Each structure stands twice: as structure tokens, then as C-alpha cells.
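# Remarks on the overall topology
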Amino acid sequence: MAMSKEELIETLSNMSILEVTELVSALEEKWGVSAAVAAAPVMMAAGGDAGGAQAEVKEDFDVVMTSFGENKVNVIKAIRAITGLGLKEAKDMVEGVPSTVKEAAPKVEAEKIKKELEDAGAKVELK
């Protein structure tokens, strides 16, 4: 089943960042390449300052819950699973939005936490 470029772009547009990251990793492994290495010459050819671009790349993110949405109970359960907090502490964190769920988390972990909380109904930002 062959997909057109437009269909592929549409499919990728509907994926979360975490899903796209996992897809890139799977393709790198299957094809024996590294997307990071392939992107470096493109940046240099485009006239970009590779050193400056590297300095601007953020590696760690704070996961901040901005709203618990309509289903507070599910969000409390998700917070407990993610943080290991007790029921009262998790409830206080959810009711005290905006609240930082995790500080200085690596990008992949931060995206995973964000997805879990959004699946539970919360609104989340990575800062």
C-alpha cells in the first residue's frame, strides 16, 4: 500500500512529537543512519551557524500542568503514577494549577509525561 507524499505528511502531522521521535528512532535503526548527522550538512549549507544553533537547543524541560480539565480524578491518578505522590499531595498539586509536575526532564521523558497527563484530560506545557 503506497502513500502519496501528501498522505504521509498528513499522517505525520496528526502524530504527537513523542510518536514522531519514536518513528525517527525506528527508521534510523532500520536503515542504519542517524538523522542528526544527516541534518548537520543541511544546516551548514543553509548558512546557519551550527555552533549557535547547538547552544540554543534546549535539552531539559519543565512539565507544567496549566489545567486539570474536566476529569480531575483521572488527572490525580496520572499524577500519582508519574510522581509517586500520595493521594493528598497529588490532589493538592492538581488543584494548585499551574503546577510543575517535573523539573529538568529530558525531552523524551517530558513528552511522555505530557502525553499521559493530556490523555487523562489535563492541559500541559513544556517550558
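Anything mentioned here points back to the structure above.
Read on for an overview of the structure. Owing to the predicted nature of the structure, the values given are computational and were not obtained by experimental measurement. (Residues numbered from 1 in each chain as written. Predicted model: local features only at pLDDT ≥ 70, side-chain atom pairs only at ≥ 80, totals over all residues. Heavy atoms only, no water.)

Let us now look at the pairing of strand S1 (residues 60–67). Across 5 bridges, the pairing between S1 and strand S2 (residues 99–106) is antiparallel. Each bridged residue has a counterpart across the sheet, and for Met-65 the counterpart in S2 is Ser-99. As judged from the 4 bridges shared by S1 and strand S3 (residues 123–126), these two strands associate in the antiparallel manner. Note that in S3 the partner of Val-63 across the bridge is Leu-126. (Pairing = 2+ DSSP bridges. Helix = DSSP H or I, 4+ residues; strand = E, 2+ residues; numbered from the N terminus.)

Here Ser-99 shows up in strand S2. We classify Ser-99 as buried; its relative accessible area is 11%. Setting aside residues up to four positions removed in sequence, Ser-99 forms contacts with Val-63, Val-64, Met-65 and Met-93. (Buried < 20%, exposed > 50% of the residue type's maximum accessible area, 1.4 Å probe, protein only. Contact = heavy atoms within 4.5 Å.)

What follows concerns the packing of helix H5 (residues 72–83) against helix H7 (residues 107–120). The contact between H5 and H7 brings their axes to 8 Å, and the two run at 155°. Overall, the two elements H5 and H7 adopt an arrangement that is roughly antiparallel. Between H5 and H7 the crossing geometry is right-handed. Where H5 abuts H7, its residues Asn-74, Val-75, Ala-78, Ile-79 and Ile-82 lie against Ile-113, Glu-116, Leu-117 and Ala-120. (Axes fitted to C-alpha atoms, helices over the stretch in contact; angles between N-to-C directions. Parallel < 35°, antiparallel > 145°, perpendicular 65-115°, else oblique. Left-handed = near helix turned anticlockwise from the far one by under 90°.)

A few words on the pattern of salt bridges. All chains considered together, the criterion is met by 8 salt bridges. Glu-95 is paired through a salt bridge with Lys-91; the nearest N and O atoms lie 3.2 Å apart. Remark: Lys-91 and Glu-95 occur in helix H6 (residues 87–95); sequence separation between them is 4 residues, near one turn of the helix. The exposure class assigned to Glu-95 is partly exposed, which follows from its relative accessible area of 37%. (Salt bridge = Lys/Arg side-chain N within 4 Å of Asp/Glu carboxyl O.)

What follows covers the environment of Asn-71. Relative to the assigned elements, Asn-71 resides in the loop between S1 and H5. With a relative accessible area of 32%, Asn-71 lands in the partly exposed category. For the pair formed by Asn-71 and Ala-120, sequence separation is 49 residues and the distance between their alpha carbons is 7.3 Å.

Take H6 next. All of the buried residues along H6 are Ala-90, Met-93 and Val-94. Viewed end-on, H6 has its buried residues packed into an arc of 100°, placing them on one side of the element. Considering only its buried residues, H6 is in contact with S1, H5 and S2. (Arc of directions from axis to C-beta.)

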